[in-house]
Each structure stands twice: as C-alpha cells, then as structure tokens.
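# A structural walkthrough
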Amino acid sequence: QCLPDPEELCENAGSPDALDEKRCSPVPRLVHRYPDRVLFITGNYCAVHCRHCMRKRHWEVNMGAPSSDEIKAAANYLEHHPQIREVLISGGDPLLLPEEKLGEIIQAFSAVSSIEMLRFGSRVPVALPQRLTPEFCRLLASGKPAWLAAHFNHAQELTPEAALAADNLLKAGIPVVNQTVLLKGVNDSVEALRSLFTGLLRLKIKPYYLFHGDPIQGTMHFRTGVEKGLELLDALRGKISGLALPAYAFDLPAGAGKIRLEPNITLDQNNAGQTIYRSYQGLEIPYE
C-alpha cells in the first residue's frame with residue numbers, strides 16, 4: 001500500500017482528477033457534488049502516503065492549512081445553501097491539523113443552523129492511532145454530531161493501538177465506519193476481506209464501503225476490475241454477518257456520483273411465474 005512502485009510512473013491511463021472535484025468546487029476547498037452534503041478539503045498533510053491515493057495530484061502542491069478566510073467562505077456558502085445538512089471534512093488528513101485550526105473549522109461549520117452533522121475522513125486510526133486521545137476525541141465531538149470514516153484496508157492494520165483509538169472515539173460519542181479500497185495484491189481475496197470485515201466489527205467499526213479503485217493516474221495497477229469485487233462480495237454473502245458486509249461501489253466519471261452494486265442473485269422465472277433466486281449456498285429457490 002505504501003511502497004513506491006515503478007508502475008506508477010509508466011501509466012498513461014487514468015486522470016489526476018477522475019472525480020472532477022475541481023469543477024464541482026464553488027469556493028476554495030469546498031466540493032459540492034450531492035444536494036445535501038459537501039466535502040471540505042483541509043489540505044494535503046497525511047500520516048502516510050498511500051500509493052493508491054485518489055488525490056495524488058495534491059502531493060506536489062503546497063496547500064497548507066485552510067486560512068480563516070477560506071473557512072469563512074465555506075461557512076458562508078453553507079449559510080446560503082440550507083439544503084446542505086452534512087459536511088465531510090477530509091484532506092489529506094484533517095486530524096493532522098493543529099488543534100486550534102481544527103477547532104476553528106468545527107465551530108465555523110457547526111454554527112450554520114442547517115448543518116446537522118460533521119463527518120471526518122481519516123487514515124489516522126490506522127497510521128497514527130495515538131493521536132486519538134480522549135482529549136482529542138472530545139475536540140472532534142465539540143460541534144455538531146460527529147462521525148468518523150476510517151480507512152482500514154487489511155486486517156494487519158487492526159492493531160491494539162487502533163482498537164484503543166476506536167474505543168476513545170466511541171466513548172466521546174463518535175460512531176466509526178470504514179471505507180476500504182479493493183486493491184490488487186493487497187486485499188483482493190475472500191480470506192483477506194473476511195478477516196478485515198469481521199475484525200472491524202470486533203473493534204466496533206462498521207464496514208461501510210468497499211470501493212472499486214478510482215481511475216486515478218498512477219494508481220491503475222491497483223485496480224481489480226468491477227467484476228472481481230462482485231465475485232468477492234458474492235463469496236462472502238451469507239458466510240459472515242450482514243453487519244460485516246459493506247456496500248460495494250465505484251464513482252462515475254465527471255463527478256456524477258457513486259454507484260452501488262450487488263451480485264446478481266436473480267436467475268429466472270418458473271412456469272408458475274415465481275422468480276427464482278440463488279441462495280448463498282447456491283440453491284435455486286422460487287419466491288412469489
């Protein structure tokens with residue numbers, strides 16, 4: 001996940017901004033793609049440079065932390081768009097900001113009456129879990145109701161330190177979900193995903209999304225193809241708790257949003273007009 005690979009330099013396919021975030025940005029650092037939620041990009045600081053990063057285009061840019069003027073401009077946009085109810089605060093990694101700056105962002109967005117929740121996207125629970133002390137978690141919870149979307153990709157990342165970080169978040173009233181990217185050669189097997197998803201539940205983290213890799217330039221060698229993800233999800237269906245199964249999804253080009261996919265379990269209809277479904281054991285069961 002983290003070691004540079006020469007393939008990153010040999011790929012002409014893909015786009016630096018496959019999700020078209022720049023076009024969907026009405027004010028600096030704010031991306032408004034869906035009607036009721038926005039993304040605020042806090043910068044490009046991160047605890048680790050994942051080679052599959054969807055924002056590799058930011059690696060060579062000196063973004064710095066958001067200025068007070070940029071935070072005010074984003075809050076002003078929220079004030080004038082009351083249909084927005086959720087802000088996803090991401091990066092880079094927002095949890096690496098100075099605490100004073102992070103508190104400024106939390107308070108500015110929480111002061112907007114139409115905002116109902118803040119969601120932090122972070123790799124810190126994996127790569128720097130010691131950051132998530134009880135005091136720091138209370139800072140994250142100091143504004144509107146907060147959620148945290150972590151990014152665990154393999155069961156080996158479920159360390160005792162990560163478990164303590166998740167516990168501190170929950171004790172502060174912050175639920176934790178997880179977004180995994182399906183990565184060729186890293187986690188693209190039934191056993192790897194089974195261990196990861198069930199292990200996340202043990203830490204009281206809900207597997208939320210399993211993403212097919214975005215077509216980002218320099219990351220294409222990690223992509224498995226959509227069908228591979230469907231095969232893996234189908235192999236896990238019925239074999240592990242439904243709580244452990246994430247939604248399988250990919251992002252459409254040009255900022256058109258996410259598509260959720262499910263394995264095809266509808267087979268045909270019988271002579272009685274009943275639809276035939278394939279059970280997780282492979283049985284063909286009619287259902288009226």
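Residues numbered from 1 in each chain as written. Predicted model: local features only at pLDDT ≥ 70, side-chain atom pairs only at ≥ 80, totals over all residues. Heavy atoms only, no water.

## Overview of the pairing of strand S1 (residues 30-34)
Most of S1 is tucked away, with 4 of its 5 residues classed as buried. Note that S1 and strand S2 (residues 37-41) share 3 bridges and pair antiparallel. The residue of S2 that forms the bridge with Val31 is Leu39. (Buried < 20%, exposed > 50% of the residue type's maximum accessible area, 1.4 Å probe, protein only. Helix = DSSP H or I, 4+ residues; strand = E, 2+ residues; numbered from the N terminus. Pairing = 2+ DSSP bridges.)

## Side note on helix H2 (residues 68-79)
An ideal rise of 1.5 Å per residue puts 16 Å on 12 residues; H2 measures up with 16 Å between its terminal C-alpha atoms. All of the buried residues in H2 are Ile71, Ala74, Ala75, Tyr77 and Leu78. Viewed along the axis of H2, the buried residues span an arc of 155 degrees, placing them on a single side of the element. Away from the buried face of H2 by more than 90 degrees, exposed residues Asp69 and Lys72 are located. (Expected span 1.5 Å × (residues − 1). Arc of directions from axis to C-beta.)

## Concerning helix H8 (residues 226-236)
Of the residues making up H8, those classed as buried are Gly229, Leu230, Leu232, Leu233 and Leu236. Viewed along the axis of H8, the buried residues span an arc of 165 degrees, placing them on a single side of the element. H8 presents Glu227 and Glu231 as exposed residues on the side facing more than 90 degrees away from its buried surface. On the buried face of H8, the contacting elements are strand S6 (176-182), helix H7 (190-202), strand S8 (247-252) and strand S9 (257-261). At the C-terminal side of H8, Gly238 shows a positive phi close to 85 degrees. (Contact = heavy atoms within 4.5 Å.)

## Some thoughts on the packing of aromatic side chains
Under the definition given, this model contains 4 aromatic pairs. One aromatic cluster is present, built from ring pairs that chain together Tyr208, Tyr209 and Phe211. In this structure, Arg37 is placed above the aromatic ring of Tyr34, and the distance from its NZ or CZ to the ring centre is 4.1 Å. (Phe/Tyr/Trp six-rings, centres within 6.5 Å; stacked < 30°, edge-to-face > 60°. Lys NZ or Arg CZ within 6 Å of the ring centre and 35° of its normal.)

## As for the nonpolar core
Within the largest apolar cluster, 56 residues are counted, with the highest numbers of intra-cluster contacts made by Phe109, Phe120 and Leu140. If one sorts the elements of this core by residue count, H2 sits on top with 5 residues. Residue contacts for Phe109: discarding those within four places in its chain leaves Phe40, Ile71, Ala74, Ala75, Leu78, Val87, Ile89, Ile115 and Leu118. (Core = buried A, V, L, I, M, F, W, Y, C linked by side-chain atoms within 4.5 Å.)

## Brief notes about the pairing of strand S4 (residues 117-121)
Burial analysis of S4 places 5 of its 5 residues in the buried class, the great majority of the element. As paired elements, strand S3 (residues 86-90) and S4 share 4 bridges and run parallel to each other. Looking across to S4, one finds that Ile89 is bridged to Phe120. On the question of chirality, the crossover connecting S3 to the parallel S4 by way of helix H3 (residues 99-110) is right-handed. In the sheet, S4 pairs with strand S5 (residues 146-150) via 4 bridges, with the strands oriented parallel. Along S5, the bridge assignment pairs Gly121 with Ala149. (Right-handed = clockwise from strand over helix to strand, strands pointing away.)

## Observations regarding the packing of H2 against H3
Put simply, H2 and H3 touch, their axes get as near as 9 Å, and they point 20 degrees apart. The angle between H2 and H3 falls in the class roughly parallel. Remark: the crossing between H2 and H3 carries right-handed chirality. Facing H2, whose interface residues are Ser68, Ile71, Ala74, Ala75 and Leu78, H3 presents Lys101, Glu104, Ile105, Ala108 and Phe109. (Axes fitted to C-alpha atoms, helices over the stretch in contact; angles between N-to-C directions. Parallel < 35°, antiparallel > 145°, perpendicular 65-115°, else oblique. Left-handed = near helix turned anticlockwise from the far one by under 90°.)

## Points about the environment of Val124
Relative to the elements of secondary structure, Val124 occurs in helix H4 (residues 124-127). Here Val124 falls in the buried class, since its relative accessible area comes to 0%. Each C-alpha atom, one on Val124 and one on Leu96, is 8.0 Å from the other, the two residues being 28 residues apart in sequence. Those residues in contact with Val124 that sit more than four places away from it in its chain are Asp93, Leu95, Leu96, Pro129, Arg131 and Leu132.

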